[in-house]
Amino acid sequence: MKDIEDRLKNIISANSKIAANEMVINEESDLIDDLGFDSLLMVQLIVDVEETFNFEFNYEELDMNVLRKYGNLKSYIITKIKS
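Residues numbered from 1 in each chain as written. Predicted model: local features only at pLDDT ≥ 70, side-chain atom pairs only at ≥ 80, totals over all residues. Heavy atoms only, no water.

### Here we look at the overall build of the protein
- What the protein contains, in helices and strands, is four helices and zero strands.
- When the helices and strands of the protein are read in sequence order from the N terminus, they spell out α-α-α-α.
- For 83 residues, the compact-globule formula gives about 12 Å, and the C-alpha radius of gyration of the protein, at 12 Å, lands near that figure.
- Taking the principal axes of its C-alpha atoms as reference, the protein extends roughly 35 × 25 × 20 Å.
- Burial analysis of the protein (83 residues in total) assigns 41% to the buried set. (Helix = DSSP H or I, 4+ residues; strand = E, 2+ residues; numbered from the N terminus. Rg over C-alpha atoms; globule rule 2.2 N^0.38 Å. Buried < 20%, exposed > 50% of the residue type's maximum accessible area, 1.4 Å probe, protein only.)

Rendered as structure tokens:
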């Protein structure tokens with residue numbers, strides 16, 4: 001689980017407009033409001049998550065509430081990996 005969290009935080013840090021050393025990522029972090037993501041960066045985040053964790057998002061189930069919050073995104077990834 002820690003490995004998943006570390007890899008996800010690395011993906012977020014690599015894609016964010018905010019410098020990694022200024023970034024605080026916690027369960028409630030909003031990728032758009034808190035971490036500087038825009039629509040293009042969100043698309044890149046999806047691609048990077050899919051490649052890193054070797055699964056595809058189910059776009060019919062997925063909504064911005066899952067993607068926006070770090071904690072929700074992490075939980076979604078854990079669920080996808082375990083299934």
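Still to come is the rest of the account.
### Regarding unusual backbone geometry
- A positive phi angle, near 55°, is found at asparagine 54, a position not held by glycine.
- With respect to the helices and strands, the residue asparagine 54 is situated in the loop between helix 2 (39-53) and helix 3 (64-68).

### Concerning helix 4 (residues 70-82)
- With 13 residues, helix 4 extends 18 Å from end C-alpha to end C-alpha; this agrees with the ideal 18 Å at 1.5 Å per step.
- All of the buried residues in helix 4 are Tyr70, Gly71, Leu73, Lys74, Tyr76, Ile77 and Ile78. (Expected span 1.5 Å × (residues − 1).)

### Overview of the side chain of lysine 74
- Along the chain, lysine 74 falls in helix 4.
- In this structure lysine 74 comes out as buried when scored by relative accessible area, which is 10%.

### Quick notes on helix 1 (residues 2-15)
- When the terminal C-alpha atoms of helix 1 are compared, their 20 Å separation across 14 residues agrees well with the 20 Å that a helix rising 1.5 Å per residue should span.
- Residues of helix 1 that are buried: Ile4, Glu5, Leu8, Ile11, Ile12 and Asn15. Along helix 1, the residues classed as buried sweep out an arc of 125° about the axis, all on the same side. The outward face of helix 1, more than 90 degrees from its buried face, is lined by the exposed residues Lys2, Asn10 and Ala14.
- Buried positions along helix 1 lie against helix 2 and helix 4. (Arc of directions from axis to C-beta. Contact = heavy atoms within 4.5 Å.)

### Focus on the pattern of salt bridges
- Counting across every chain of the model gives eight salt bridges.
- For lysine 74, the salt bridge is made with glutamate 5, and the minimal N-O distance between the two is 3.6 Å. A residue pair is termed long-range when its members are at least 10 positions apart, and lysine 74 in helix 4 and glutamate 5 in helix 1 qualify at 69 residues. The residues lysine 74 and glutamate 5 share a single accessibility class, namely buried.
- Taking the shortest distance from any N to any O, the salt bridge between glutamate 27 and lysine 74 comes out at 2.6 Å. Here glutamate 27 is found in the loop between helix 1 and helix 2, whereas its partner lysine 74 is found in helix 4, with 47 residues between them in sequence.
- Members of the salt-bridge network, linked through shared partners, are Glu5, Lys9, Glu27 and Lys74. (Salt bridge = Lys/Arg side-chain N within 4 Å of Asp/Glu carboxyl O.)

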